Amino acid sequence: MSNRGLTWLHALTANGNVADGYTPSVQVVDGTIGDQRARYIAVVTDEHNAFPRARHGEVGLLEGWNLAKAIRDVVDQDKHSVNKTAIVAVIDVPSQAYGRREEAYGIHQALAAAANAYATARRAGHPVIGLIVGKAMSGGFLAHGYQANRLIALDDEGCMVHAMGKASAARITLRSVAELEKLAATIPPMAYDIQNYSTLGLLWKKVAVQNAEAPNAQDVDDIAGMLALALDDIVKDTNRDLSGRLHSENRSASLVVRQQMAKVW
């Protein structure tokens with residue numbers, strides 16, 4: 001079980017205040033980015049989770065609803081404030097929680113509520129930053145962090161982003177994991193490593209650290225500094241949508257496609 005999310009949450013919020021009232025698998029800490037108020041949120045492992053499928057850091061029913069609550073609590077609190085609290089999603093999620101109970105009880109609604117809360121906060125003027133410190137996989141990533149104004153990732157082999165785990169992807173495509181890895185070497189969207197993901201143009205920055213598993217003081221300072229730069233960049237940007245992702249050096253073809261579609265429609 002990976003504890004990167006909790007490790008980095010604690011490292012970045014050493015002087016913060018833990019917010020009460022959330023399920024143990026959703027850790028919420030109120031701290032700062034420089035002088036700016038910030039709420040840090042991480043989905044973490046919980047071996048006592050009432051839902052067995054969500055005991056290894058997966059985003060399940062409890063996690064989806066509690067993420068939504070943690071974000072909407074801040075939105076409601078700052079409703080009449082000009083200086084909106086920043087929200088930092090500390091991301092290390094292996095997937096959404098797969099299970100019959102999850103499907104029966106509406107995991108699609110729980111995760112949609114979380115994604116919607118992040119988007120609502122962003123559109124309400126809250127700077128939202130996604131910090132990938134481990135895995136950012138499938139529906140777990142979509143619910144927790146993907147809606148951020150800016151996405152930052154540790155430049156580390158332990159950081160992986162994909163729509164589906166390797167074993168699942170192998171079953172769906174009727175290939176072996178080894179065959180998928182061979183294809184991933186030449187087709188970036190099929191790869192899992194953060195270097196290939198960065199070529200898709202969705203990351204704002206990658207940051208190299210000395211120890212992603214146990215960050216030292218310099219690592220923490222470097223990431224805190226990058227969060228501050230991201231916050232400043234968001235504040236200067238008048239757009240509250242995700243259109244900025246289309247203007248990276250790797251998205252020129254996407255812009256051309258959108259322009260052609262706009263002409264037709």
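Note: the structure precedes this text.
Residues numbered from 1 in each chain as written. Predicted model: local features only at pLDDT ≥ 70, side-chain atom pairs only at ≥ 80, totals over all residues. Heavy atoms only, no water.

## Observations concerning a nonpolar patch on the surface
And then number 1: Taken together, the side chains of V257, M261, V264 and W265 present a nonpolar region at the surface, about 500 Å² in accessible area.
And then number 2: By the element assignment, W265 lies in the segment after α10 (252-264).
And then number 3: Classification of W265 as exposed rests on a relative accessible area of 79%. (Patch = residues over 30% accessible without salt bridge, like charges linked within 9 Å, V, L, I, M, F, W, Y side chains within 5 Å. Areas by Shrake-Rupley, 256 points an atom, 1.4 Å probe, with all protein chains shown as cover. Salt bridge = Lys/Arg side-chain N within 4 Å of Asp/Glu carboxyl O. Helix = DSSP H or I, 4+ residues; strand = E, 2+ residues; numbered from the N terminus. Buried < 20%, exposed > 50% of the residue type's maximum accessible area, 1.4 Å probe, protein only.)

## Here's the deal with the packing of helix α2 (residues 61-77) against helix α4 (residues 107-123)
And then number 1: Orientation of α2 relative to α4, taken along the N-to-C sense of each, is 25°, at an axis distance of 8 Å. For the element pair α2 / α4, the angle class is roughly parallel. For the element pair α2 and α4, the recorded crossing hand is left-handed. Between α2 and α4, the contacting residues are L61, G64, W65, L67, A68, I71, R72 and V75 on the first element and I107, Q109, A110, A113, A114, N116, A117, Y118, T120 and A121 on the second.
And then number 2: Partitioning the contact of α2 with α4 into residue classes produces 13 nonpolar, four polar and one charged. (Axes fitted to C-alpha atoms, helices over the stretch in contact; angles between N-to-C directions. Parallel < 35°, antiparallel > 145°, perpendicular 65-115°, else oblique. Left-handed = near helix turned anticlockwise from the far one by under 90°. Contact = heavy atoms within 4.5 Å. Nonpolar A, V, L, I, M, F, W, Y, C, P; charged D, E, K, R; others polar.)

## Overview of the pattern of salt bridges
And then number 1: What the rule picks out here adds up to nine salt bridges.
And then number 2: Among the salt bridges present, the one from R39 reaches D30, with a minimum N-O distance of 2.7 Å.
And then number 3: Note on D30: relative accessible area 28%, which makes it partly exposed.
And then number 4: With a shortest N-O distance of 2.9 Å, E181 and K166 are connected by a salt bridge.

## Let's talk about the packing of helix α6 (residues 166-173) against helix α7 (residues 177-184)
And then number 1: The geometry of α6 relative to α7 is characterised by a closest axis approach of 9 Å and an angle of 95° between their N-to-C directions. With respect to each other, α6 and α7 are oriented roughly perpendicular. Residues K166, A167, A169, A170 and T173 of α6 form the contact with α7, whose own contacting residues are V177, L180 and E181.

## Structural notes on the nonpolar core
And then number 1: Of all hydrophobic cores here, the largest spans 69 residues; its most connected members are I33, Y40, I41, I132, I223 and L227.
And then number 2: If sequence neighbours within four positions are ignored, I223 has contacts with W8, L12, L131, L154, V207 and V209. (Core = buried A, V, L, I, M, F, W, Y, C linked by side-chain atoms within 4.5 Å.)

## Some details on the packing of aromatic side chains
And then number 1: Tallied over the entire structure, the rule returns one aromatic pair.
And then number 2: Ring centres of F141 and Y146 lie 5.3 Å apart, and the angle between their planes is 80°; this geometry places the pair in the edge-to-face category.
And then number 3: With relative accessibility at 4%, the residue F141 sits in the buried group.
And then number 4: For K205, the ring lying beneath its charged end belongs to W204, and the centroid distance is 5.3 Å.
And then number 5: The ring of Y146 has R245 sitting right over it, with the charged end atom 4.7 Å from the ring centre. (Phe/Tyr/Trp six-rings, centres within 6.5 Å; stacked < 30°, edge-to-face > 60°. Lys NZ or Arg CZ within 6 Å of the ring centre and 35° of its normal.)

## With respect to unusual backbone geometry
And then number 1: For S138, which is not glycine, the phi torsion reads 45° and is therefore positive.
And then number 2: Backbone geometry at L174 places phi at a positive 60°, although glycine is not the residue there.

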